[in-house]
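# Analysis of the macromolecular model
If you want the building blocks of each chain, they are given just below.
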Amino acid sequence: MTWKKKIPEAARLYLDANSLDEVECVIADLPGIARGKAVPAAKWEKQGSFYLPNSIFFQTITGDWGEAAGPEGFVEPDMILKPDMNTATAAPWAADGTLQVIHDAYDQKGSPVPFAPRNVLKHVINMYRKKGWTPIVAPEMEFFMVARNIDPAKPITPMMGRTGRPAAGRQAYSMTAVDDYGPVIDDIYEYAEVQGFEIDGITQEGGAGQLEINLKHGDPVALADQVFYFKRLLREAALKHDCFATFMAKPIEGEPGSAMHIHHSVLDDKGQNIFTGPQGGETDAFFHFIGGLQENIPNALAMMAPYVNSYRRYVRDHAAPINLEWGRDNRTTGIRIPVSEPEARRVENRVAGMDCNPYLCIAASLACGYLGLVNETRPDKRFRGDAYDAEDDIPRGLYAALDLFDQATDLHEVLNPEFARVYSIVKRAEYNEFLQVISPWEREHLLLNV
C-alpha cells in the first residue's frame, strides 16, 4: 500500500471515506478521449504497468483508423503504460470507490511514445527547459449545457433551466442565468472539491447555457491533466441532471462558439517572469513570444481547431477572433495582453477551441511562442480598436489548416516529427470520413434545385 503515500491529498481523503473497489487506468488519445482499462483494486495494487496497442493513437473521432502505423505495418504492438501517481483522483460519480490515474505511454524499449499527447506536451516543455525556461499556463474552459440530444439529425438546443424555460442567450456574466442551472453547478463544485481541483471561477458566457470555468495558473502538464479530467467531470454532472455538457466549438446555430483561452508566461531559472524587466517594463522576450504566436498559429491551428466544426466558430463580430492581431486588454484580437501587475505579465491566446485535446493544444500554443523566442520574431504593430474591422488571417477550414501544418517543419521539430506525421494522417482520414456524410443543408437546397 506504499502507493498511497504518492497520491495527492484529495485522493487520500477520498480513500479514507470510501473503500477502493476499482482503478481506472486512463490515457488520452489524439482526440482527447480517455482510453484504458478498469482494473479491480486488488489486481491494480500488484501491477506497476499495463499494456495497450499503439493503434489507439491512430483512431479518428469516429473510432475508425488512419493508416499511420509506419513501415512495420498495422501490427498493433503493445505499449507499456505506467501510472503517474500525482494524477490519482476520485471518480465521485461512481457507485463504488473508484480512482482515476493518468498513465504515460512507452514503447517496449522504454522510450516515450512520440505521438502520445501527454508526451508531446512534455517534449515541448523539455525544449523550454533546455533554454533555462519554465512555461506557465492558465486555461479558460467554455462549454454549453444543452438538452439531451439522442438524434444526431436534430439540432442541439439549450438545456431547460429551473424556471421551465430554455437557458437564455445574450446574458453574459448574469448571475440569474447561472442560478437557473444552479443544481448542476453545485455538483460541479462538489465533484471538483472531491477531486482536489481548484476552480478560479464560473461565469455565464454569451451563449444560451454557455459557461466558462477558469483554472489557476501552473505547470502545463498538470493543467492539461485537469482539463482532461474536467471534461469528464462536467459531462457526469450534467447527466445527473438530464442534460449534456458539450465541448463542441460551435454546437448551436446562431450562438457564439466555445473557446479554450490559454494564458502564457515564462519563468527563468531564478523563477522570474522573462516577460518583465528589472524595472517592471516589457522585455524583448515578451514581444518575441507574441511574434511567435502571430507567425506560427496558422501552422498549428489544426491542433487548436481540430475538426470541421471548429471553423464555424471564427465568425466576424461573434465573440471569436478572425485574425492574429494583438492588443492590450482587447477581446476582439486573437492575441490579448490582459491587465496585470508586472510580475504576472502574460499573453493570452484566444484562438483555440474547447473541442481541442488539451495536451496537444497547450503544446501547440507553447511551441508557437517558443519559436518566437528562439527566432527573436518581432510582432506586428499593436492593434488599436475593433479587430473585427481588420482582415481575416485564420485558415478557413480544416483542410487548409492541415496543409499549413504539413509544411511547418520547424514546428514539427518542437512537437516531434513522428507525432506530426501521425497527426496529419489521422486528421486527414477523419476529414475524408466527414466528406462521406450528406448534410441537412445539402438535402434541403440541392435535392430538388440543382
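Below or above, wherever it landed, is the structure these notes cover.

How each quantity is defined
Residues numbered from 1 in each chain as written. Predicted model: local features only at pLDDT ≥ 70, side-chain atom pairs only at ≥ 80, totals over all residues. Heavy atoms only, no water. 1 Å grid on protein atoms, 1.4 Å probe; cavity = no way out; pocket = protein on both sides within 12 Å on 5 of 7 lines; lining within 4 Å. Points joined across faces, edges and corners; volume = space filled by probe spheres on them. Helix = DSSP H or I, 4+ residues; strand = E, 2+ residues; numbered from the N terminus. Nonpolar A, V, L, I, M, F, W, Y, C, P; charged D, E, K, R; others polar. Patch = residues over 30% accessible without salt bridge, like charges linked within 9 Å, V, L, I, M, F, W, Y side chains within 5 Å. Areas by Shrake-Rupley, 256 points an atom, 1.4 Å probe, with all protein chains shown as cover. Salt bridge = Lys/Arg side-chain N within 4 Å of Asp/Glu carboxyl O. Buried < 20%, exposed > 50% of the residue type's maximum accessible area, 1.4 Å probe, protein only. Pairing = 2+ DSSP bridges. Phe/Tyr/Trp six-rings, centres within 6.5 Å; stacked < 30°, edge-to-face > 60°.

### A look at empty space enclosed by the protein
Under the criterion given, the structure shown has one cavity of 30 Å³ or more. In this structure, the largest cavity encloses a volume near 70 Å³. Considering the residues around the largest cavity, the lining is formed by 13 residues, among which Leu-30, Pro-31, Tyr-307, Tyr-423 and Lys-427 are closest to the centre. Per-element accounting of the lining of the largest cavity gives the leading share, four residues, to helix α11 (residues 417-435). Its residues assigned to classes, the lining of the largest cavity shows eight nonpolar, three polar and two charged.

### Let's talk about a nonpolar patch on the surface
A surface patch of nonpolar side chains, amounting to about 360 Å² of accessible area, comprises Trp-441, Leu-446 and Val-450. Take Trp-441: it is sitting in helix α12 (residues 440-446).

### Observations regarding the pairing of strand β3 (residues 50-53)
Alternating positions in β3 separate cleanly, Phe-50 and Leu-52 being buried on one face and Tyr-51 and Pro-53 remaining unburied on the opposite face. Looking at chain direction, β3 and strand β4 (residues 78-83) are connected through four bridges and run antiparallel. By the bridge assignment, Phe-50 is partnered in β4 with Leu-81.

### So, the packing of aromatic side chains
Counting across every chain of the model gives 23 aromatic pairs. Between the aromatic rings of Trp-65 and Phe-74, the centroid separation amounts to 6.4 Å while the plane-to-plane angle is 80°, which identifies the pairing as edge-to-face. A ring pair is formed by Phe-197 and Tyr-229, whose centres lie 5.9 Å apart and whose planes are at 25°; its orientation type is stacked. Here Phe-197, found in the loop between α5 (182-195) and β8 (199-204), pairs with Tyr-229, found in helix α6 (residues 220-240); they are 32 residues apart in sequence, far enough to count as distant.

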